[in-house]
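# Structural overview for review
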Amino acid sequence: MTAPHGLPDPATLDPAVLATLLARHGWVRRGGPAARYGRWTPPEDEPGTSLLVPADDGFDDAVELLTDAVTALSRSRTPSARAVLLALAVPGDELRWHRDLPGPADATPWDDAERLQQAARTMLAAAAKAARIRAAYFGARLDGPAGQFLDGVLVVEHGPALTAYTPAPEGRAAVTTLVRALEALRDAVDYRRVSGGLDAVENAVQAGVSRELVQSVEELVRGTTGARLTVAWSAATGTPGGFGDRRVLLDFSPGDLPALAEAADLLEGLEPAVPVTVTGLIVRLKRADPAGPGSVRLRVLSGADVRELKISLPDPDYRLAVEAHLAGRPVRVSGRLEPHGGFRRLGRPHGLEPCGWEEGEREQLLKGLREGAEET
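Residues numbered from 1 in each chain as written. Predicted model: local features only at pLDDT ≥ 70, side-chain atom pairs only at ≥ 80, totals over all residues. Heavy atoms only, no water.

## Considerations on the overall build of the protein chain
Short version of the rule: Numbering of helices and strands runs from the N terminus; a helix is a DSSP stretch of H or I covering at least four residues, while a strand is a stretch of E covering at least two. Throughout, exposure labels follow a simple rule: accessible area from a 1.4 Å probe, protein chains only, divided by the maximum for the residue type, with under 20% read as buried, over 50% as exposed, and the rest as partly exposed. Throughout, a contact is declared for two residues whenever any of their heavy atoms are within 4.5 Å. For accessible areas, the Shrake-Rupley method is used with a probe of radius 1.4 Å. Any residue's cover is judged against the shown protein chains and nothing else. For the purpose of counting charges, residues Lys and Arg are taken to be positive, whereas Asp and Glu are taken to be negative. His and the chain ends are not included. Where a charge lies is defined by one atom per residue type: Lys uses NZ, Arg uses CZ, Asp uses CG and Glu uses CD.
Summing up its helical and strand segments, the protein chain has 11 helices and 13 strands in all. Of all 376 residues assigned to the protein chain, the portion counted as buried reaches 46%. Across the protein chain, contacts joining residues at least 24 apart in sequence account for 67% of those joining residues at least 6 apart. Carbon and sulfur atoms make up 50% of the accessible area of the protein chain, which amounts to about 18,800 Å² in all. Treating the 43 positive side-chain charges of the protein chain as one cloud and the 52 negative ones as another, the clouds have centres 4 Å apart.

## Points about the environment of serine 253
Looking at the secondary structure, you find serine 253 in the loop between strand S8 (248-252) and helix H9 (257-270). Note on serine 253: relative accessible area 25%, which makes it partly exposed. The spacing of serine 253 and alanine 227 is 26 residues in sequence and 6.3 Å in space, taken between C-alpha atoms. Those residues in contact with serine 253 that lie beyond four places of it in its chain are Arg193, Val221 and Gly226.

## Details of the side chain of serine 210
Along the polypeptide, serine 210 turns up in the loop between helix H7 (199-203) and helix H8 (211-221). Residue serine 210 is classed as buried on the basis of its relative accessible area of 0%. In contact with serine 210, other than residues within four places in its own chain, are Ala126, Ala135, Ala136, Phe138 and Leu267.

## A closer look at the sheet that holds strand S3 (residues 51-54)
The following threshold applies: The pairing criterion is simple: DSSP has to find at least two bridges between the two strands. Fitted lines through C-alpha atoms give the axes, limited to the stretch in contact for helices. The angle between two N-to-C directions lies from 0 to 180 degrees.
A sheet is described by the order of its strands in space; here 3 strands give the open sequence S1-S2-S3, paired in antiparallel fashion. Every other strand in the sheet has two partners, leaving strand S1 (28-30) and S3 as the edge strands with one partner each. The average angle at which neighbouring strand axes cross in this sheet is 35°, direction not considered. Sheet topology places strand S2 (residues 37-41) next to S3; 4 bridges connect them, and they run antiparallel. Paired with arginine 39 across the strands is leucine 52, a residue of S3. Lying over the sheet, helix H2 (residues 62-75) contacts S2 and S3, oriented at roughly 145° with respect to S3.

## Focus: the environment of valine 201
Along the chain, valine 201 falls in helix H7. A relative accessible area of 3% places valine 201 in the buried class. Once you skip the residues sitting within four places of it in the chain, valine 201 turns out to touch Ala188, Ala263, Leu266 and Leu267.

## Quick word on the pattern of salt bridges
As a reminder of what qualifies: Salt bridges, as used here, are contacts in which a Lys or Arg side-chain nitrogen is within 4 Å of a carboxyl oxygen on Asp or Glu.
Under the defined criterion, the tally for this structure stands at 19 salt bridges. Across the salt bridge formed by arginine 99 and aspartate 112, the nearest N and O atoms sit 2.5 Å from each other. Of this pair, arginine 99 sits in strand S4 (residues 92-100) while aspartate 112 sits in helix H4 (residues 110-130), and the two are 13 residues apart along the sequence. When sorted by exposure, arginine 99 lands in the same class as aspartate 112, which is buried. Where salt bridges share partners, they join Arg115, Glu218, Glu219 and Arg222 into one cluster.

## A word on the confidence of the model for the protein chain
For clarity, the threshold we go by: Per-residue confidence from the prediction method is given by pLDDT, with values spanning 0 to 100.
The predicted model of the protein chain averages 88 in pLDDT, with 90% of residues at 70 or higher. For the protein chain, the element scoring lowest by mean pLDDT is helix H11 (residues 361-375), at 57; H8 scores highest, at 97. Taken together, the stretch residues 1-5 has pLDDT below 50 and engages in 11 contacts with residues farther than four places along the chain or on a different chain.

## Details of the packing of aromatic side chains
The description of an aromatic ring pair uses the distance of the two centres, along with the angle that the planes make with each other. So the rule is basically this: Stacked, tilted and edge-to-face pairs are distinguished by plane angle, under 30 degrees for stacked and over 60 for edge-to-face with tilted covering the rest, among Phe, Tyr and Trp rings (Trp via its six-membered ring) whose centres lie within 6.5 Å. Put simply, a charge is over a ring when the Lys NZ or the Arg CZ is close to the ring centre, within 6 Å, and near the line of the ring normal, within 35 degrees.
In the structure shown here, the tally under the stated rule is 2 aromatic pairs. The positively charged end of arginine 141 is found above the aromatic ring belonging to phenylalanine 343, 3.8 Å away from the centroid.

## Notes on the nonpolar core
Under the convention used in this document: Only buried Ala, Val, Leu, Ile, Met, Phe, Trp, Tyr and Cys residues count toward a nonpolar core, and they belong to the same one when joined by side-chain atoms within 4.5 Å.
Residues Trp97, Met123, Leu124, Leu178, Leu182, Leu185 and Val209 are the most contacted members of the largest nonpolar core, which totals 51 residues. For this core, the element with the highest residue contribution is helix H6 (residues 172-195), accounting for 10 residues. For tryptophan 97, the residues in contact, after removing those within four places along its chain, are Leu116, Ala120, Met123, Leu124, Pro160, Ala161, Leu162, Ala164, Leu220, Arg228 and Leu229. If you look at the next biggest cluster of nonpolar residues, it comprises 23 residues, including Ala19, Trp40, Val84 and Leu88.

## What about the pairing of strand S6 (residues 161-167)?
In summary, the side chains of a regular strand alternate between the two faces of the sheet. Counted residue by residue, S6 has 6 buried out of 7 residues, so it is predominantly covered. Sheet analysis places S4 next to S6, joined by 7 bridges and oriented antiparallel. Across the sheet, the residue bridging to arginine 96 is threonine 163, located in S6. Alignment of strand S5 (residues 154-158) against S6, held across 5 bridges, turns out to be antiparallel. The partner of glutamate 157 across the bridge, within S6, is leucine 162. Counting the residues that bridge the hairpin from S5 to S6 gives 2 residues, and of these glycine 159 lies at a positive phi of roughly 65°.

## Some points on the sheet that holds strand S12 (residues 331-338)
Strand order in this closed barrel of 5 strands is S9-S10-S11-S13-S12, and the pairing throughout is mixed. Within this sheet the neighbouring strands show an average axis-to-axis angle of 50°, counted without direction. Here S12 pairs with strand S13 (residues 345-354) via 6 bridges, running antiparallel. From the neighbouring strand, valine 331 faces S13, where its bridge partner is proline 354. Contacting strand S9 (274-286), strand S10 (294-302), strand S11 (308-313), S12 and S13, helix H10 (residues 315-327) crosses the sheet at an angle of about 65° to S9.

This is how it looks when you write it as structure tokens:
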């Protein structure tokens, strides 16, 4: 007996994982704790048949019963059945954002759904970056790794809520960082509202709080009577260390918006310029006066966690950049990666010189150019 195409394989399904997910989504187990099987009934507000789930996979009919259970869930149109199947198909942590909207509960404008999706995406990207390094403001830095993390996230929309399934354990560092950062931000906002000080916001950077994270919370809350994020850890991977059995629930309200706006401004000002020496390929040149300064765009190969940089050059260096561009050679240049503009600009450039290709750089560039073409 096999499950329908596209559903989890019952032969590899752990009954304990299925039972955990059923309980998480409101199903009720009937029968004593020592029983070899458990009969699970759907939530009271959802119609449907009960499921018979073995206590473990050691019984002769375990696979057959699991197949029946998965098939029954696939035929059900109820929200809980769909959520259980998704969690089985994507074995990861489950993050659910919910916005409490003024007006009828069944009225969710398309632009509100788009705002929710953008807020969640920005929040996950900020957490993925903070899992690598701590910074008050990232800008374009680490956009590549953050994008790779988002590519592995399954997002499901349903009304004023959105659920994301993040891979576990591969993506767990981002999720644990997100939870700790939002807890620190919640404490910092409460402290600001009580004391009037922003000291806790600055300290919260070490927990993973950044300008991007704060702005994602602002976007999540704006236009609502309240918004929250709940996290349910992967039933297959288990709870990460340091979190115990506590429920992860983080909420923010419109009353937090003034403190959040102040925090975002503070965090952007905290991040200093970064001295770097970068190697890259000139992909664009521009100047108004044939004998004056010009600007170039550099596709970064190494030296900075950004994809491209804008650089203003005096005439002699601009001519060197043109020669390197025509010859198809990379250049090396030092300067300060400036937070203004999202760390996309190299200030005070000096020491520009053409250089040779390092091992693997040409392939890296071609890959980056292909990815850029796909995005456009």
